Amino acid sequence: MPQQGELFAPPPPVPGLRLVREAVSEAEEERLAALIDAAPLAPFQFGQWEGKRLTVNYGSAYDYQRARPTEAPPLPAWLADLRTRLAPLMDRAPEDFVQGLLIRYDPGAGIGWHRDRPQYGEVLGLSLSAPAMLRLRRRTEAGFDRRTVELPPRSLYLLSGEARHDWEHSITPMEVTRRSITLRTMAGPAPPLQRRGSETW
Ligand SMILES: O=C(O)CCC(=O)C(=O)O
Ligand SMILES: [Fe+2]
């Protein structure tokens, strides 16, 4: 059974960040790991720079040369099916999550500080195979506000509101292989500024 909120017994470390533990069973985790490994993974490419993590995009991919999202193969049936089970755990509508990203982080791979591209909206992440440290930071006048959240294997996280828009995130380089499945909505029109971060958790 998914368990919600335990780690973040209120308030969450960053408004808009939610975590559901045991979002999938161990058997499902094994099945998803095999599906990720069987997907056409390729080293993440940023211009000339090649990242250590292996990725594949569905539904939409980001074209860094043109600085805009571009088409990608449709979500495979297993991923569309997973989306219908995961999105409701965060009270979200599955069909809004039109982008799928599979990642395998082999030892030494992580992801550096970034905010997801503004063309994308909310971010759902399923963390598999090994515990990971999700770090968050936000620039303040005095320096950086920082938080670190442990993502247990099989946990699902949501980046929305302030956590999505005002904070950067990164994953510490892994010592053992971790896999993740990220689902994203496309951004709607920019919300009025005063509504930012006013979501309820
Ligand atoms: O692996 C993860 O859970 C995070 C991936 C991520 O932040 C991204 O691809 O934008
Ligand atoms: Fe990200």
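The chain carries the name Alpha-ketoglutarate-dependent dioxygenase AlkB in an unreviewed UniProt entry, which gives Croceibacterium soli as its organism.

**Student:** Where do I start with the site of ligand 1 in this structure?
**Tutor:** In the neighbourhood of ligand 1, the contacting residues comprise Leu101, Ile103, Tyr105, Ile111, His114, Asp116, Tyr157, His169, Arg178, Ser180 and Arg184. Between an oxygen atom of ligand 1 and a side-chain N or O atom of Ser180, the distance comes to 2.8 Å. Against a free-state accessible area of 300 Å², the protein chains account for coverage of 95% of ligand 1. Breaking the shell around ligand 1 down by element, the ones donating at least two residues are β7 (99-105), β8 (111-114) and β14 (178-186).

**Student:** Looking at this structure, I do not really get the packing of aromatic side chains. What am I missing?
**Tutor:** The relation between two aromatic rings is expressed through the spacing of the ring centres and the mutual angle of the planes. In this structure the tally under the stated criterion is zero aromatic pairs. Against the face of Phe44 rests Arg53, its NZ or CZ located 4.1 Å from the ring centre. The ring centre of Phe144 lies 4.4 Å from the NZ or CZ of Arg137, which sits over that ring.

**Student:** What exactly am I supposed to notice about the coordination of the iron ion (ligand 2) here?
**Tutor:** Geometrically, a metal with four donors at the corners of a regular tetrahedron has ideal angles of 109.5 degrees, and one with six donors at the corners of a regular octahedron has ideal angles of 90 or 180 degrees. Distances from the iron ion (ligand 2) to its protein donors, His114 (NE2), Asp116 (OD) and His169 (NE2), fall within 2.1 Å. In the primary structure, the donors to the iron ion (ligand 2) are separated according to the pattern H-x1-D-x52-H.

**Student:** Help me understand the pairing of β7, please; the structure alone is not making it clear to me.
**Tutor:** Along a regular strand, successive side chains alternate from one face of the sheet to the other. Burial analysis of β7 places seven of its seven residues in the buried class, which makes it a mostly covered element. Alternating residues of β7 divide into Gln99, Leu101, Ile103 and Tyr105 and Gly100, Leu102 and Arg104, and every residue in both groups is buried. Judged from the five bridges that link them, strand β4 (residues 49-58) and β7 form a sheet pairing that is antiparallel. Bridge pairing links Val56 to Leu102 in β7. Bridging between β7 and β14 involves seven bridges; their strand directions are antiparallel. Paired with Ile103 across the two strands is Ser180, which belongs to β14.

**Student:** Explanation requested: the confidence of the model for the chain in the structure shown.
**Tutor:** Interpretation of this model should avoid reading the predicted coordinates in detail wherever pLDDT is low. Across the chain, the average pLDDT comes to 89, with 87% of residues at or above 70. Across residues 194-201 the pLDDT falls below 50, and counting only partners more than four positions away or on other chains, this stretch makes 11 contacts in the model.

**Student:** Sorry if this is basic, but what is going on with the pattern of salt bridges here?
**Tutor:** Here the idea is simple: oppositely charged side chains can pair when their charged atoms come close. Across all of its chains, the model carries 16 salt bridges by this definition. Residue Arg154 pairs with Glu26 through a salt bridge whose shortest N-O separation is 4.0 Å. Of the two residues, Arg154 sits in the loop between β11 (143-151) and β12 (155-159) while Glu26 sits in helix α1 (residues 26-38), which places them 128 residues apart along the sequence. What makes Glu26 exposed here is its relative accessible area of 54%. Notably, a salt bridge pairs Arg104 with Asp106, separated by 3.0 Å at the nearest N-O pair. Classification of Arg104 as buried rests on a relative accessible area of 17%.

**Student:** Can you walk me through the nonpolar core in this structure?
**Tutor:** Considering soluble globular proteins, one finds that nonpolar side chains tend to be buried as a cluster. Within the largest apolar cluster, 24 residues are counted, with the highest numbers of intra-cluster contacts made by Leu79, Leu102, Leu126 and Ile181. Only α1, β4, α2 (77-86), β9 (120-128), β12 and β14 provide two or more residues apiece to this core. The leading source of residues in this core is α2, at four residues.

Rules behind the numbers
- Residues numbered from 1 in each chain as written.
- Chains lettered and ligands numbered in written order.
- Predicted model: local features only at pLDDT ≥ 70, side-chain atom pairs only at ≥ 80, totals over all residues.
- Heavy atoms only, no water.
- Near = heavy atom within 4 Å.
- Polar contact = N/O pair within 3.5 Å; in protein donor to acceptor, adjacent residues only side chain to side chain.
- Areas by Shrake-Rupley, 256 points an atom, 1.4 Å probe, with all protein chains shown as cover.
- Helix = DSSP H or I, 4+ residues; strand = E, 2+ residues; numbered from the N terminus.
- Phe/Tyr/Trp six-rings, centres within 6.5 Å; stacked < 30°, edge-to-face > 60°.
- Lys NZ or Arg CZ within 6 Å of the ring centre and 35° of its normal.
- Donors = N, O, S within 2.8 Å, 3.2 Å for Na, K, Ca; no water.
- Buried < 20%, exposed > 50% of the residue type's maximum accessible area, 1.4 Å probe, protein only.
- Pairing = 2+ DSSP bridges.
- pLDDT = per-residue confidence, 0-100.
- Contact = heavy atoms within 4.5 Å.
- Salt bridge = Lys/Arg side-chain N within 4 Å of Asp/Glu carboxyl O.
- Core = buried A, V, L, I, M, F, W, Y, C linked by side-chain atoms within 4.5 Å.

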